[in-house]
Amino acid sequence: MTADPARALPKRLLIIDDEEAMHDSYRRSFAPPRGPDAPALGAMAAALFGADPAAESPGFALTHCRQGEEAVAAVERALADGAPFAAAFIDVRMPPGIDGRETARRIRRIDAEINLCIVTGYSDFSPVEISKVAGPADKIFYIAKPFEVAEIVQTATALADRWQVDRALAATRAQLAEQIVQLEQQAAELAANESRALHLATHDSLTDAPNRLAFLRALGDRARRPGRFAIAMLDLDRFKLINDTLGHLAGDALIRDVYAILTATAPEEAIVARLGGDEFGVLFDTAGDDAATMACDRIIAACAGTHRLFGHAVQSGASAGLVVVDGAGVDPLDSLRRADLALNDAKRVGRGVTRLFDETMDEGIRFRRRVEQGLARAVERDELRLVYQPIVARGELEVVGFEALVRWDSAIYGRISPAVFIPIAEESNVIHTIGDWILAEALAMVARLPQQYVSINFSPRQFRRHNFVAHVMESAQRAGVAPGRVQIEITETAIFDDAERAAETLFRLRQMGFRIALDDFGTGYSSLYNIRKFALDSLKIDRSFIDGMGRERESAAIVHSIIHLGRALGLEVVAEGVETVAQVQALRLAGTSHLQGFFFSQPVDGDVAVMLAERRVLAGGAAV
């Protein structure tokens, strides 16, 4: 065992006494053993302590002072030289100078770390009195005169060792305090970056208005509360003509002017958002159809008029589609769709007007009902099938997993997009029938693959089933599939509707060995604080951000922020919708861990997926 270099240094002691005989006693006490008895003493020390103390310690370096003022000056010099005393042995009576109590007080004021030992045969001062002026009490000790050699040596050894330990502990605490400050600074920077990224994700860069994502979030929150509210969608009349004739800068200036008008004329506490291009959304509480229509008419009137754009007088106006709904339970996306249908009708019948939605505008409602009825029989008619899209690692583009995607080829309506039928299924119990079929098929596929996992999408309604964890586990056991080769893929909506329950569900799934992925990350309600609460393995960046990376600074900033967040939390980051070499290069440089998209392979059937899995590495560029 190697000795600590710090312990190899002499232990500095300060002896303060006005009697020369006492100084001689100290010298003899701390002198190394001499004479024929020294080997016997060494053997005794070895038997008691396991080693010869003289072999590990160089002994003590003594500094002798006859008066208190001399000792105080010695302490000052020792500190200035960077060689402080570990302990001071102080006599109480030292005429004609200051006494031991005052000496201890002054020394303590100079050196807060030194250990003080009061050595006296008198009781001039009680320990309490000395502690009051030279404390703390745990750094003051007492020895009565006359002292034994062993007593003084053992006390000095203990105090010197403690002094070294205290200094090491103080250095460690200072280092920890510095590290804590650094961590707090890093946390503050991360929080600031998150705040900036969140603002970029939820606000329009041109007007700084809430964007479509923020509007949908506000609409979803409002739809959970009772009471009537209105959704108005507006776009500008002849905006394309202004852009084409005066240029995009003039078009941008007009967009900013119109947003200012909307915020000034919208009902109190209304949310005004730019949904994209020249389209705006307004969300506000209302007493009914008439009141909402009047509010929209005022907005339309305010937008009509002349705008000065770079020295040009431009006539502009707006049209609005309006839907009034009762809260608590309505479908926010369907309500927004109805407002959009009303807007289309307004532009069709005449610009500069407000159109209130009615059922005749929505032939799609009847279509949704027919789809729902067809979905109820799709499983038994064998109309559903799964396809699999590879997920590749960034380095060698190795296939590590597949995402299972459902397709519906209806005997009546032909091929129907999942974007159409999945939301309809989610609104009814049909989603559970379809979801159970997808789970069984995907687990069967896992058994066919060499080693890759299969990622299975679960809707919010499935995730909220009371027996969801047990159902997934039992299904995996029946299929003979290890949980580690199954990834549960859920959206932010599924977990943030009931965050506490979702956190418990995800924790249980992770305990059982399942992988957890958060799909379409960046489009929902996430924050750094919330993400930390959930047991996750990976974040999947929504394809809309990947698609916008080359065109929009905001999308690139969001992608980089998500990648850095995932890496900081020790999560995989999967970029979806990768379609070009430029996207692959940019994402690999940014540090994303996994890639998925048409650049590597379109979704393929099970047999082709097995072939790709056995091939193991995809070079990209339309593997299939």
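Computed from a predicted model, the values in this text were never measured in an experiment.

K.L.:
Explain the sheet that holds strand β2 (residues 60-65) here, please?
P.N.:
Within a sheet, adjacent strands bond to each other through the backbone by hydrogen bonds, running parallel or antiparallel. Reading across the sheet, the five strands line up as β2-β1-β3-β4-β5 and stay open at both edges, with parallel pairing between neighbours. Of all the strands in the sheet, the pair left with one neighbour each is β2 and β5 (140-144). Mean inter-strand twist for the sheet, computed between neighbouring axes without regard to direction, equals 20°. Judged from the five bridges that link them, strand β3 (residues 87-91) and strand β4 (residues 115-120) form a sheet pairing that is parallel. Looking at β4, one finds that I90 is bridged to I118. Running at roughly 160° to strand β1 (residues 11-16), helix α4 (residues 68-80) makes contact with β1 and β2 of the sheet. Running over the sheet, helix α5 (residues 100-110) touches β1, β3, β4 and β5 and is turned about 160° from β3.

K.L.:
Help me understand unusual backbone geometry in this model?
P.N.:
Backbone geometry follows two general trends: most residues other than glycine have a negative phi, and most peptide bonds adopt the trans configuration. Here the bond from P95 into P96 is cis, since omega is 5°, no more than 30 degrees from zero. Topologically, P96 is positioned in the loop between β3 and α5. The phi torsion at L397 lies on the positive side, around 60°, for a residue other than glycine. If you trace the backbone, L397 turns up in the loop between β12 (384-393) and β13 (399-410). Using a relative accessible area of 9% as the deciding quantity, one classes L397 as buried. Positioned with a positive phi, R616 is a non-glycine residue whose angle comes to about 80°.

K.L.:
It is not clear to me how the pairing of strand β17 (residues 515-521) should be interpreted in this structure. Could you clarify?
P.N.:
Of all seven residues making up β17, six are buried, and the element is well covered by its neighbours. Here strand β16 (residues 486-491) runs beside β17; their pairing, made up of five bridges, is parallel. Within the sheet, the bridge partner assigned to T491 lies in β17 and is D519. Inspection of the sheet shows β17 paired to strand β18 (residues 538-541) by three bridges, in the parallel sense. If you follow L518 over to β18, its bridge partner there is L539.

K.L.:
Quick question: what am I supposed to make of the packing of aromatic side chains here?
P.N.:
To describe a pair of aromatic rings, you give the distance between the ring centres and the angle between the ring planes. A complete count under the given rule lists seven aromatic pairs for this structure. Ring plane angle 45° and centroid distance 5.2 Å describe the contact between Y26 and F147, whose orientation is recorded as tilted. Of the two residues, Y26 sits in helix α1 (residues 20-30) while F147 sits in the loop between β5 and α7 (149-202), which places them 121 residues apart along the sequence. Of the two residues, Y26 and F147, both sit in the buried class.

K.L.:
What is the right way to read the pattern of salt bridges from this model?
P.N.:
Opposite charge on two side chains permits pairing when their charged atoms draw close. Summed over all chains, the structure comprises 32 salt bridges. Linking K145 and D17 is a salt bridge whose minimum nitrogen-to-oxygen distance equals 2.9 Å. Note that K145 is positioned in the loop between β5 and α7 and D17 in the loop between β1 and α1, a separation of 128 residues in sequence. In this structure, the salt-bridge partner of R515 is E572, at a minimum N-O distance of 2.8 Å. Here E572 lies in strand β19 (residues 572-575) and R515 lies in strand β17, a separation of 57 residues in the sequence.

Parameters and conventions
Residues numbered from 1 in each chain as written. Predicted model: local features only at pLDDT ≥ 70, side-chain atom pairs only at ≥ 80, totals over all residues. Heavy atoms only, no water. Pairing = 2+ DSSP bridges. Helix = DSSP H or I, 4+ residues; strand = E, 2+ residues; numbered from the N terminus. Axes fitted to C-alpha atoms, helices over the stretch in contact; angles between N-to-C directions. Contact = heavy atoms within 4.5 Å. Buried < 20%, exposed > 50% of the residue type's maximum accessible area, 1.4 Å probe, protein only. Phe/Tyr/Trp six-rings, centres within 6.5 Å; stacked < 30°, edge-to-face > 60°. Salt bridge = Lys/Arg side-chain N within 4 Å of Asp/Glu carboxyl O.

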